[in-house]
Amino acid sequence: MTTCSAPGKVYLFGEHAVVYGEPAVPCAVERRARVSVEPREDDRVRVDAADLSLDGFTVTWGGSIDDRPDVDVPAPLLAAAMEYIEAAVDQARAAAAAPDAGFDITVESDIPLGAGLGSSAAVVVAGIDAATRALGTELPPEEVARRAYEAEYEVQDGQASRADTYCSAMGGAVRVEGDDTRTIDAPALPFVVGYDGGAGDTGELVAGVRALREEHAFAADTVETVGDLTREGERLLAEADPDAPPSEALLADLGELMDFNHGLLAALGVSSRSLDAMVWAAREAGAHGAKLTGAGGGGCTVALDPTDETEHALGYTAECEQSFRAELATEGVRVEDR
Ligand SMILES: Nc1ncnc2c1ncn2[C@@H]1O[C@H](COP(=O)(O)OP(=O)(O)OP(=O)(O)O)[C@@H](O)[C@H]1O
Ligand SMILES: C[C@@](O)(CCO)CC(=O)[O-]
Ligand SMILES: [Mg+2]
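How each quantity is defined
Positions within a chain are numbered from 1, following the residues in the order the chain's sequence is written. Whichever chain is written first is A, and whichever ligand is written first is 1; the rest continue in order. Confidence filtering applies because this is a predicted model: local features only for residues at pLDDT of at least 70, side-chain atom pairs given and counted only at 80 or more, and all residues used for totals across whole chains, interfaces and linings. The basis for every side-chain value is the complete set of non-hydrogen atoms in the structure, without hydrogens or water. Starting at the N terminus, helices and strands are each numbered in turn, a helix being any DSSP run of H or I of at least four residues and a strand any DSSP run of E of at least two. When accessible area is computed with a 1.4 Å probe and restricted to protein chains, residues below 20% of their type maximum are described as buried, those above 50% as exposed, and intermediate ones as partly exposed. The contact criterion used is simple: two residues touch if any of their non-hydrogen atoms lie within 4.5 Å. One number per residue, pLDDT, summarises how confident the predictor is, and it ranges from 0 to 100. Two strands qualify as a pair provided that DSSP identifies no fewer than 2 bridges between them. Counted as salt bridges are all cases of a side-chain nitrogen of Lys or Arg within 4 Å of a carboxyl oxygen of Asp or Glu. One heavy atom suffices: a residue is near a molecule or strand as soon as one of its heavy atoms comes within 4 Å of it. The term polar contact refers here to a pair of N or O atoms within 3.5 Å; inside protein, the definition further demands a hydrogen-donor-capable atom paired with an acceptor-capable atom, and it admits residues adjacent in sequence only when both atoms are side-chain atoms. Accessible surface area values rest on a Shrake-Rupley calculation with a 1.4 Å probe, where residue burial reflects the displayed protein chains alone. Under the scheme applied here, ten amino acids are nonpolar (Ala, Val, Leu, Ile, Met, Phe, Trp, Tyr, Cys and Pro), four are charged (Asp, Glu, Lys and Arg), and all others, including Gly, are polar. An axis is simply a line fitted to the C-alpha atoms; with a helix, the fit covers only the stretch in contact. Between two such axes, the angle follows the N-to-C directions and lies from 0 to 180 degrees. Under this scheme an angle from 65 to 115 degrees is roughly perpendicular, one under 35 degrees roughly parallel, and one over 145 degrees roughly antiparallel; angles in between are oblique. Each helix crossing is assigned a hand: it is left-handed if the near helix lies turned anticlockwise from the far helix by less than a right angle, otherwise right-handed if that turn is clockwise.

**Remarks on the environment of L189**
Stage number 1. Counting through the fold element by element, L189 comes out in the loop between β6 (180-184) and β7 (191-195).
Stage number 2. The buried category is assigned to L189, whose relative accessible area is 2%.
Stage number 3. As a C-alpha pair, L189 and T106 span 83 residues in sequence and 32 Å in three-dimensional space.
Stage number 4. In this structure, L189 is in contact with L12, L237, P246, L251, L254, L304 and A326, ignoring residues within four places of it in sequence.

The following block contains the structure:
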């Protein structure tokens, strides 16, 4: 049995705009998906996804990818989960030159689903690494990231940037601009996540921004402005000492840019009432800044606050189902001992 895990992420800056070639800075956080893989004698794939939960329900399903299991999970969710895993399996088969390899796969994850924390990327990254290792092939994390991007791109019908998969594979803070991907230094930022218990449809939200951008020059300008503020945020990070706790001044400057970024995302139509409520609850609690993270529509916000105030205030916010501190995950995809 080979087990690999990979982290989820929050966007400090730049989601959506990254799809159109602007830079983005996602940061891996210590919430991980773990994928265990055991090669089979035949060419079938059996998947056990214990945490495939929606609205608080948890189910386990098994069976081959050809026989859709009969479980109480909304059909589109089940279909999507199988597609991500199938795409990861195909990448692993290609990487290990073993087109007929079969696997028993178990997926466990503490990353909320479809909520902007990159659960799909973490599952695909950990899945590709575990399955290739199970076949005796070791890929460098950059290659896992490249293949994971191909898998997400295929499942999401071309609506994907390299940001989520690269960040999950490499860990830490990264910067992605088109095909240019690199890790960057960043101090341990005090992220606090708010989760409204909901999800957004990434494909639909990306399509909405694309349509706005094509229709209105000012929407295209808004996307470019997100790129400008991301570049400014990168300059702030580059000047900071990555080994020292972030200064109040740095947090204030980054927070101001996060607030601006949230406003622009809201203008592009990807926020929601509950995301706005959590953003305001964080700001009123004294967070340095707050924004939605990921595709939006529902799901998670991220705030900067070294104190407990934001987590506490979100705990009392009606729209927030869960709040938690999210440490920067310095490790990307890794092998787990079982
Ligand atoms: N634990 C899991 N087990 C099986 N499939 C999972 C698991 N976690 C995520 N997935 C797959 O990933 C899909 C969610 O991906 P989606 O890209 O919509 O959201 P996300 O990656 O969580 O957020 P974002 O892309 O906005 O950061 C789920 O519908 C499911 O198909
Ligand atoms: C909305 C988006 O920018 C981030 C989703 O986590 C889409 C992508 O980059 O693939
Ligand atoms: Mg995703």
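Text resumes after the structure shown.
**Let's talk about the confidence of the model for the protein**
Stage number 1. Of the residues in the protein, 93% reach a pLDDT of 70 or more, and the chain-wide mean stands at 92.
Stage number 2. Predicted as a complex, the structure gets a pTM of 0.94 and an ipTM equal to 0.97.

**Thoughts on the pairing of β6**
Regular strands place their side chains on alternate faces of the sheet.
Stage number 1. As defined by bridge partners, strand β5 (residues 173-177) adjoins β6 across five bridges and the pair is classed as antiparallel. By the bridge assignment for β6, E177 is matched with D180.
Stage number 2. Count of turn residues in the β5/β6 antiparallel hairpin: two residues, of which G178 carries a positive phi of about 60 degrees.

**With respect to the pattern of salt bridges**
Stage number 1. If you walk through the whole model with that rule in mind, you get 21 salt bridges.
Stage number 2. The residue E143 makes a salt bridge to R147 at a minimum N-O spacing of 3.2 Å. Here E143 pairs with R147, and both are found in helix α3 (residues 141-155), just four residues apart, close to one helical turn.
Stage number 3. Overall, the relative accessible area of 13% leaves R147 in the buried class.
Stage number 4. D179 is paired through a salt bridge with R162; the nearest N and O atoms lie 3.2 Å apart. Of this pair, D179 sits in the loop between β5 and β6 while R162 is found in the loop between α3 and α4 (163-170), placing the two residues 17 residues apart along the sequence.
Stage number 5. Put simply, R175, E177, D180, R182 and E234 are held in one network by salt bridges that share partners.

**Considerations on the site of ligand 1**
Stage number 1. Around ligand 1 lies a shell of 23 residues, among which K9, A81, G114, G118 and S119 are the nearest.
Stage number 2. The contact in question runs from an oxygen atom of ligand 1 to an N or O atom on the side chain of K9, over 2.8 Å.
Stage number 3. With the chains in place, 93% of the 630 Å² that ligand 1 exposes on its own is no longer accessible.
Stage number 4. Looking at the shell around ligand 1, the elements with two or more residues in it are α1 (75-95), β4 (102-109) and α2 (119-134).
Stage number 5. Considering only residue class, the shell around ligand 1 consists of 13 nonpolar, eight polar and two charged.

**Observations concerning the packing of helix α6 (residues 217-239) against helix α7 (residues 248-267)**
Stage number 1. At a minimum axis distance of 10 Å, the contact between α6 and α7 shows a crossing angle of 170 degrees. Considered as vectors, α6 and α7 are oriented roughly antiparallel to each other. The element α6 and its partner α7 pack so that their crossing is left-handed. Here T222, T225, V226, L229, E232, G233, L236 and L237 of α6 come into contact with α7, specifically with L250, D253, L254, L257, F260, N261 and L264.

**A few points about the packing of α1 against α2**
Stage number 1. Between α1 and α2, the least distance of the axes is 8 Å, while the angle of their chain directions is 35 degrees. Helix-helix and strand crossings are classified by hand; for α1 and α2 the assignment is right-handed. Only S120, V123, V124, I128, A131 and T132 of α2 make contact with α1, whose side of the interface consists of Y84, I85, A88, Q91, A92 and A95.
Stage number 2. In terms of residue class, the contact of α1 with α2 is made up of nine nonpolar, three polar and no charged.

**What about the sheet that holds strand β9 (residues 300-304)?**
Stage number 1. The antiparallel open sheet is built from four strands, whose spatial order is β8-β9-β7-β10. In this open sheet, the two strands that pair with only one neighbour each are β8 (289-292) and β10 (322-326). For this sheet, the mean inter-axis angle between neighbouring strands, taken without regard to orientation, is 20 degrees.
Stage number 2. Looking at chain direction, β7 and β10 are connected through five bridges and run antiparallel. Residue pairing in the sheet places Y195 in a bridge with Q322 of β10.
Stage number 3. Strands in contact with α7 are β8 and β9; relative to β8, the strand with the most contacts, it is inclined by about 30 degrees.

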